[in-house]
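# Chain and residue survey
Chain by chain, the residues:
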Amino acid sequence: MKLGESSKRRRSLSPDRGSPKRGVLQPNKSNYLEWDVEDVCRFLRVQGLGKFEQLFRAAQLSGDVLPMLTERDLEEEGVSVLGDRLKLIKCINTLWQNPIDAKVFNDPIHGHIEMHPLLVRIIDTPQFQRLRFIKQLGGAYFVYPGASHNRFEHSIGVAHLAGQLVKALCGRQPELRINNRDILCVQIAGLCHDLGHGPFSHLFDGKFIPQRRKDKKWKHEDASLEMFDHLIASNGLEDVLLSYGLVLPEDVKFIKEQIRGRPTEGDGAGDGAKDWPYEGRTQEKGFLYEIVANKRSGIDVDKWDYFARDCHHLGIRNNFDFERFLKFARVCEVGKRKLICTRDKEVGDLYNMFHTRITLHRRAYQHRVVNIIESMITEALVLADPHIQIVGKDMQICKISESIDDMEAYTKLTDNVFEQILNSSKPELQKAREILNNVVCRNLYKWIGQTQPEAGTEIKPEELSGEVAAAVPSTPLDIQFCAEDFIVNVVQMDYGMKGKNPINKVRFYCKSDPNVAFKIRKDQVSQMLPERFTEQLIQVYCKKTDDQSVQAARKQFVQWCINRDFTKPRDGDIVAPELTPLKPDWNNTDGDSDDSIPWDEHQSHRQANSHRSLAKAFD
């Protein structure tokens, strides 16, 4: 039995989960899929629906066909009263919504999570178990010792929250006609949405693949779709999906559409009647696409789990309460579409959610040491790529960068490649091994500084290293640099929609009329909300680590900021006091603080301190 999983838990067949009625069903037939017609009739009697026994006998409805039973089928079999049909469907749905043979996972974030048997079958495959060996936050574990969690537990958490949200909507609004297939498909999409992540998560598709496969536009979502197909085919799960009532290939297509999102970016992103871009579900159930990966507003259960989970392991406070969103989530019609909306009073909490996202990026995901460690790991992977051999389909040998084209090889690629390189004795891996050893021993490239371009200006990362190396100050330096001595990271910080306010895409309803959705403008919420929703940070590192080179590199960095009209580095007056006065707008005081020291007085203090230190040295 795997860590964190309980043994199978027997539960009542009654919808209210009361005590099991012993002797009603044979113990060896706890799985309803194994029931014969008489077992189904016994179940109906227990639920107080015994008057339909004869009808089920005549139609020979056994347990394995119950998941496929629809309201129309019941009407054709003679259940003429709508209320009776709905009672039967609701009763039968309890069998798979609260299955007898569910497993319970003890999760540190969500507590005890019940997982449907079909989800457990997917979890217990090599393709999903691979996620146990891929760090959720990549290189952040080298900075935050608590960030040891993996994609495995995050995926289970997303599946759980996806089920919570879709079931909440189903219970709150029966008119939406959310059925068992919808619930299972949404949960499977949540479970499998990260199957395609490579070693160290976003490091792989954000840094490594762009360097080794420059001709290929590839995201981990692309691999998630291929890996899902590979998981189903290689483990023979088609019949298992069918046995739980899924319809193939329609439902597999629906699951993959939820993982990948909108086929064409921006298509139908508004509320109008553009052509419906999906095939798995009709526009009538379009709101289901907003649960796992919400391309419209960015509010989805994937974020809810990683906010809560990452904050827990990083030791950072999470200011967003997804439990409240679950309580107030409701589907409303907007134009010709049905969208998931929330109460108007929750708008402030949604701003907090996106502020939490920015906080996590600033303090953890884009932490300056995390970024340089990930750059060094990327450099090592690039050097090792031609020399690492992974066996794929039909015994074909793949490089690390080629494994994304072969899911059999990709299944074998995890964070363990770090130890494989580090512990290798191959001479061709020596340079990569030295870099990883420096990471382990904390001999990192040196931080030079951070700056920002003018608001509204977008900087491309190409050839910035050469510019920094060429930015020689007028004061001559003893050190000469080349472009290869610098690493320049351009970090995009936003609320998830580039320069747009994602709350403008959200619709709200009020207590007096919960069926009418409307927008809430920023000025209706607070005067203290952001004016801009995007910015760029430029982080510069030097590969030369001796003190003299680092001091010279910092002066060149300040000169480069002057040349490019970027913001003054925070420590610019300290590392290059002879350069910062050359740019007048860097030395304007705002006058907001009465105790601010004028520049000339600041310089005289520095000179006086310097003279005192010199005199003391010759005492």
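Computed from a predicted structure; not experimentally measured. (Residues numbered from 1 in each chain as written. Predicted model: local features only at pLDDT ≥ 70, side-chain atom pairs only at ≥ 80, totals over all residues. Heavy atoms only, no water.)

Looking now at the overall build of the protein. Helix and strand content of the protein: 23 helices and eleven strands. Taking all 619 residues of the protein together, the buried fraction comes to 53%. Nonlocal contacts in the protein, meaning residues at least 24 apart in sequence, comprise 70% of its contacts between residues at least 6 apart. Put simply, the protein shows about 30,000 Å² of open surface, and 48% of that area lies on carbon and sulfur atoms. (Helix = DSSP H or I, 4+ residues; strand = E, 2+ residues; numbered from the N terminus. Buried < 20%, exposed > 50% of the residue type's maximum accessible area, 1.4 Å probe, protein only. Contact = heavy atoms within 4.5 Å. Areas by Shrake-Rupley, 256 points an atom, 1.4 Å probe, with all protein chains shown as cover.)

Before going further, it helps to examine the environment of Gln 536. Within the fold, Gln 536 resides in strand S11 (residues 534–542). Sequence spacing of Gln 536 and Val 490 is 46 residues, and the spatial spacing of their C-alpha atoms is 6.7 Å. Filtering out sequence-adjacent residues up to four positions away, Gln 536 remains in contact with Thr 451, Gln 452, Pro 453, Thr 457, Glu 458, Ile 459, Val 490, Val 491 and Gln 492. For Gln 536, the side chain forms a polar contact with the main-chain nitrogen of Ile 459, separated by 2.7 Å. Polar side-chain contacts of Gln 536 include one of 3.2 Å to the side chain of Gln 492. (Polar contact = N/O pair within 3.5 Å; in protein donor to acceptor, adjacent residues only side chain to side chain.)

What follows is about the sheet that holds strand S8 (residues 486–494). Reading across from one edge, S7-S11-S8 is the order of the three strands in this open sheet, with antiparallel pairing throughout. Across the chains shown, the open sheet's two edge strands, defined by having one partner strand only, are strand S7 (446–451) and S8. Each adjacent strand pair in this sheet contributes to an overall mean axis angle of 20 degrees, direction not counted. Note: S7 against S11, five bridges, orientation antiparallel. When the bridges of S11 are listed, Trp 447 appears paired with Tyr 541. Of the strands in this sheet, S8 and S11 touch helix H15 (residues 347–365), which is tilted by about 170 degrees from S8. (Pairing = 2+ DSSP bridges. Axes fitted to C-alpha atoms, helices over the stretch in contact; angles between N-to-C directions.)

What follows covers the nonpolar core. Most often, soluble globular proteins keep nonpolar side chains buried together rather than apart. One finds Phe 56, Met 115, Ile 188, Leu 191, Ile 291 and Trp 304 to be the most contacted residues of the largest nonpolar core, which totals 149 residues. Look past the residues within four positions of Ile 291 in its chain and what remains in contact with it is Ala 162, Leu 165, Val 166, Val 186, Asp 300, Val 301 and Ile 340. Val 468, Ile 479, Val 488 and Cys 542 belong to the second largest nonpolar core, which has 26 residues in total. (Core = buried A, V, L, I, M, F, W, Y, C linked by side-chain atoms within 4.5 Å.)

Between helix H8 (residues 180–192) and helix H12 (residues 250–260), the shortest axis-to-axis distance is 9 Å and the interhelical angle comes to 45 degrees. Overall, the two elements H8 and H12 adopt an arrangement that is oblique. Seen along the crossing, H8 lies across H12 with a hand that is right-handed. Of H12, the residues touching H8 (which contributes Arg 181, Asp 182, Cys 185, Val 186, Ile 188, Ala 189 and Cys 192) are Glu 250, Asp 251, Phe 254, Ile 255, Gln 258 and Ile 259. Here the contact of H8 with H12 is built from residues that sort into eight nonpolar, one polar and four charged. (Parallel < 35°, antiparallel > 145°, perpendicular 65-115°, else oblique. Left-handed = near helix turned anticlockwise from the far one by under 90°. Nonpolar A, V, L, I, M, F, W, Y, C, P; charged D, E, K, R; others polar.)

Okay, the side chain of Lys 583 next. Along the chain, the position of Lys 583 falls in the loop between helix H22 (572–575) and helix H23 (599–617). Within the structure, Lys 583 has its side chain in polar contact with the side chain of Asp 565 (distance 2.5 Å). Non-local contacts of Lys 583, meaning those with residues more than four positions away in its chain, are made with Ile 562, Asp 565 and Phe 566.

This part covers H12. Listed as buried for H12 are Asp 251, Val 252, Phe 254, Ile 255, Glu 257, Gln 258 and Ile 259. Count one or two residues on from H12 and you reach Gly 261, which has phi positive near 85 degrees.

The mixed open sheet is built from four strands, whose spatial order is S3-S4-S9-S10. Edge strands, defined here as strands with exactly one partner in the open sheet, are strand S3 (330–334) and strand S10 (513–518). Each strand axis lies, on average, 50 degrees off the axis of its neighbour in the sheet, ignoring direction. Of the pairings in the sheet, the one linking strand S9 (residues 508–510) to S10 comprises two bridges and is antiparallel in character. Note that in S10 the partner of Phe 508 across the bridge is Phe 518.

Our focus in this paragraph is helix H1 (residues 37–46). Val 37, Asp 39, Val 40, Cys 41, Phe 43 and Leu 44 are the residues of H1 that are buried. Where H1 begins, the capping side chain belongs to Asp 36, and its oxygen is found 3.1 Å from the backbone nitrogen of Glu 38. Just beyond H1, the residue with positive phi is Gly 48, at close to 80 degrees.

Further remarks concern unusual backbone geometry. Pro 249 follows Leu 248 through a cis peptide bond whose omega is 5 degrees. By the element assignment, Pro 249 lies in the loop between helix H11 (238–243) and H12. The phi dihedral of Arg 442 falls on the positive side, at around 65 degrees, and the residue is not glycine. Assignment of secondary structure puts Arg 442 in the loop between helix H19 (430–440) and S7. Given the relative accessible area of 41%, Arg 442 is considered partly exposed. One non-glycine residue with positive phi stands out, namely Glu 463, at about 65 degrees. Tracing the backbone through its elements, the reader meets Glu 463 in the loop between S7 and helix H20 (464–470).

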